[in-house]
Amino acid sequence: MSACVQHGPGDLPRSAASPRAGRRRMGEPLRLAALLAPAAILFAAFFLLPLVRLIAIGAGGPQGWAAYLTTLADPGHLDSLASTLALSAGVTAVTLAVSTVAGLFLVRHRFPGHALLVALLTFPLAFPGVVIGFMVIMLAGRQGLIGTVTQALTGGKLVFAYSMAGLFLGYVYFSIPRVILTVMAAAEKLDPRLEEAARSLGASPWRVVADVILPALKPALISAGALCFATSMGAFGTAFTLATRINVLPMTIYTEFTLQANIAAAAALSVLLGLITWAALAVARSVAGTSVAAAG
Amino acid sequence: MAVRPLESARMTDRFHLDAVPIRLDGCGKTFPGGARALEPLDLTIRGGETIVFLGPSGCGKTTTLRIIAGLESPDPGGRVLFGDEDVTDLPIERRNVGMVFQSYALFPNMTVAENVAYGLKVRRVGRAERGRRVEEMLDLMHLGEFAGRRIDQLSGGQRQRVALARALVVRPRVLLLDEPLTALDAKLRDSLRLEIDRLLRELGITAVYVTHDQGEAMALGDRIVVMAKGRVAQVGTPREIYYQPADGFVADFIGTMNRVGGTVRDGVLRIGRGSLPWSGPDGPVELLTRPEDIALASGEADAHLDGRIAAAVFLGDRTRLVVEPADGPPLTVDTAGRSDLGRGDRVSLRVDPARLLAVP
């Protein structure tokens, strides 16, 4: 303590003097601008300009800005948007449920092979969508494992790889690792005394989950869920591998762009997809933010 | 004419709780992997008694508390009884115990009032009665004005009072406190300790209190269970523990104890150059005595030991001297606060023969 007090006065003039000296130099704003320039140029070249261009292209067809409304009003597009939203919401819900249970279990229980299992769980993180699609086909495709087993058991072959169900399975598989990792990181920080206090007051194990564990995990679940939702909205590789006829927004954009050369519609849909996903993330962030503050 | 009870006494009357005795029957604990945390323990805690488990960390005191709470189960053969009911196989949520933790363990997503109401809500107590009981309990703990506050807006002492209110509002059969004051600073610790003491006396609840702080144990406990290495070293009232320690560990753990070496021959104990009557077998002995039981000798004639002061610490009401005798370990001696003795001074000491303890 005394060392700190002695140190303080000696330090003060030096630290107070240096900014004043810096401000006196006229070149300071220029230097700052020069340092910021590379980032600004990259941001403009690879984010701002393409985005503006994309928005402009959406309005560049014969209809002008009204093309956005027409694109939105198209029943096919609306259908595609609705199914993409439903798919992403479903994937998010199932992924959160599975990952919360599995993540809590992995944090609470140690068993032989625990570390190896956790390491293996992160494996799919590196896979591109094509590989995920390929794995879904191997599992539920025409020559897949599920098909072979169901044929042996019932005589009928269960094949669902080339449909929304296959896509759903692939996305859940792909999303679980990152959500599990987030849940595990949050669950490690839970205070076991909180659960013991709730139990001492008579709370059943289910009530402890509802009243103590889930509220504590809420911020982590919201941010992990938002990322999972956004990824599912925009994922393309898996859908493309499974079938070109799956009616999700990224596939619709691809079809409009490459097959029908309807560039304005593709651009409008892209902007729409971006806006919806961005809005979902923003809402999640603000909700998570307030709950984090409340949990203090 | 009837004496009007004090406002606070009337307040606590309404909360008066049944005093349930607790019995531990051969409760040991071996953790997976074979580590023995607790040797089989038999103990009866009387209804309404405050019992303090005291010992260094790892002595088994918290394990014992968790066995009573139902958070750990004893090794096969051990039994926990609340009154006549065997609760060994009941999980904590069905034992009706109140728990207070060192880390407060308040629910961060709930307000003060919601925290206190939680146990009643779980028990499906109706909204109106719940509100009434929460309000009464908050008033009892002087927390009324904080009812709507978030937990992170409270100080440590206020948080622990909320935790006490939350544990007591459900009228538990026993109150279990696990180092409740350890996280608080010294001044707050003293005032909250007094408040806990008042609560426990007025509510008449059976309470089990775990601490490593002997001052807390002495102030709060009707009886103290001193533990070391998974065993009970001694069970007794604070006075018994202090004045008649069962062994060297208890003697050293509670307060300050001096070790004085001497020789017994023909019913006479020789210490230094003094001698005093002593019944015991002949031979060398090591005896224990408290700092307040050694005095400065008034003259050469009645002195037992001579030494040089190695340290003198002024404590206000007394001055604590550390005296190095010619041979043997240094002695801690309490003298009057207004003593002007200092480091390096030579002193003669007199031991109170009635206060010498022979301890195994």
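If you're wondering where the values come from, they're calculated on a predicted model, not measured in any experiment.

Cut-offs applied
Residues numbered from 1 in each chain as written. Chains lettered and ligands numbered in written order. Predicted model: local features only at pLDDT ≥ 70, side-chain atom pairs only at ≥ 80, totals over all residues. Heavy atoms only, no water. Axes fitted to C-alpha atoms, helices over the stretch in contact; angles between N-to-C directions. Helix = DSSP H or I, 4+ residues; strand = E, 2+ residues; numbered from the N terminus. Parallel < 35°, antiparallel > 145°, perpendicular 65-115°, else oblique. Left-handed = near helix turned anticlockwise from the far one by under 90°. Contact = heavy atoms within 4.5 Å. Nonpolar A, V, L, I, M, F, W, Y, C, P; charged D, E, K, R; others polar. Core = buried A, V, L, I, M, F, W, Y, C linked by side-chain atoms within 4.5 Å. Buried < 20%, exposed > 50% of the residue type's maximum accessible area, 1.4 Å probe, protein only. Salt bridge = Lys/Arg side-chain N within 4 Å of Asp/Glu carboxyl O. Phe/Tyr/Trp six-rings, centres within 6.5 Å; stacked < 30°, edge-to-face > 60°. Lys NZ or Arg CZ within 6 Å of the ring centre and 35° of its normal. Pairing = 2+ DSSP bridges.

Peer 1: I would appreciate a short explanation of the packing of helix α6 (residues 129–140) of chain A against helix α8 (residues 164–188) of chain A in the present structure.
Peer 2: Two quantities define a packed helix pair, namely the angle between the helix axes and the distance between the axes. Residue and element names in this part refer to chain A. Following both chains from N to C, one finds α6 and α8 inclined at 125°, their axes separated by 9 Å at the closest point. By the criterion of interaxial angle, the relationship of α6 to α8 is oblique. Relative to α8, the crossing made by α6 is right-handed. Within the contact between the two elements, α6 uses I132, M135, V136 and L139 and α8 uses G166, L169, G170, Y173 and F174. In terms of residue class, the contact of α6 with α8 is built from seven nonpolar, two polar and no charged.

Peer 1: What am I meant to see in the nonpolar core here?
Peer 2: Most often, soluble globular proteins keep nonpolar side chains buried together rather than apart. The biggest cluster of nonpolar side chains holds 123 residues, and the ones touching the most others in it are L217 of chain A together with F53, I68, F82, L175, L176 and V208 of chain B. By residue number, the principal contributor to this core is α8 of chain A, which donates 10 residues. If near-sequence neighbours (up to four positions away) are discounted, L175 of chain B is found in contact with G98, V100, L164, A167, L168, L200, I205, T206, A207 and V208 of chain B.

Peer 1: What's the story with the pattern of salt bridges in this structure? I'm lost.
Peer 2: Oppositely charged side chains may form a pair once their charged atoms are brought near each other. Counted according to the given criterion, the structure contains 32 salt bridges over all chains. A salt bridge links R193 of chain A to E196 of chain A; the nearest nitrogen and oxygen atoms lie 3.2 Å apart. Here E196 of chain A and R193 of chain A lie together in helix α9 (residues 192–200), a separation of three residues that amounts to about one turn. R193 of chain A sits in the partly exposed class, given a relative accessible area of 28%. Across the pair K61 of chain B and E179 of chain B runs a salt bridge, and its minimum N-O distance is 3.9 Å. Here K61 of chain B, found in helix α2 (residues 61–69), pairs with E179 of chain B, found in the loop between β7 (174–178) and α6 (186–203); they are 118 residues apart in sequence, far enough to count as distant. Residue K61 of chain B shares its accessibility class with E179 of chain B, and that shared class is buried. Each of R193 and E196 of chain A together with K29, R66 and E72 of chain B takes part in one network of salt bridges that share partners.

Peer 1: Any chance you could explain the packing of aromatic side chains here in plain terms?
Peer 2: Two numbers describe a pair of aromatic rings. These are the distance of the centres and the angle of the planes. Under the definition given, this model contains 10 aromatic pairs over all chains. When the ring of F236 of chain A is compared with that of Y254 of chain A, the centres are 5.3 Å apart and the planes differ by 50°; the resulting orientation is tilted. Taken together, the positions of F236 of chain A in the loop between α10 (205–234) and α11 (237–242) and Y254 of chain A in helix α12 (residues 249–259) put the pair 18 residues apart, joining distant regions of the chain. What links up through ring pairs into an aromatic cluster is the set F236, F240 and Y254 of chain A. One residue, R142 of chain A, lies across the ring of Y162 of chain A, its end atom 4.3 Å from the ring centre. Above the face of the Y242 of chain B ring, R290 of chain B is positioned so that its terminal group lies 3.8 Å from the ring centre.

Peer 1: For this particular structure, what's the right way to read the sheet that holds strand β1 (residues 22–30) of chain B?
Peer 2: Pairing between the strands of a sheet is mediated by backbone hydrogen bonds and can be parallel or antiparallel. Residue and element names in this part refer to chain B. Taken together, the four strands give an open sheet; going across it, the order is β2-β1-β4-β5, and neighbouring strands pair in antiparallel fashion. One side of each edge strand has no neighbouring strand; the edge strands of this open sheet are β2 (36–45) and β5 (85–86). With four bridges connecting them, β1 and strand β4 (residues 79–82) associate as antiparallel partners. The residue of β4 that forms the bridge with I22 is F82. Packing against the sheet, α2 makes contact with β1, β2 and β4, and its axis sits at approximately 120° to β1.

Peer 1: Can you help me understand the pairing of strand β17 (residues 318–325) of chain B in this one?
Peer 2: Looking down a regular strand, the side chains alternate between one sheet face and the other. Residue and element names in this part refer to chain B. Going residue by residue along β17, you find T319, L321, V323 and P325 tucked away on one face and R318, R320, V322 and E324 left uncovered on the opposite face. Looking at chain direction, strand β16 (residues 305–314) and β17 are connected through seven bridges and run antiparallel. Residue pairing across strands places V313 opposite R320, the latter belonging to β17. The antiparallel hairpin formed by β16 and β17 contains three residues in its connecting segment, where G316 sits at a positive phi of about 90°. Judged from the six bridges that link them, β17 and strand β18 (residues 331–336) form a sheet pairing that is antiparallel. By the bridge assignment, T319 is partnered in β18 with T335. Connecting the antiparallel pair β17 and β18 is a turn made up of five residues, with G328 showing a positive phi of about 95°.

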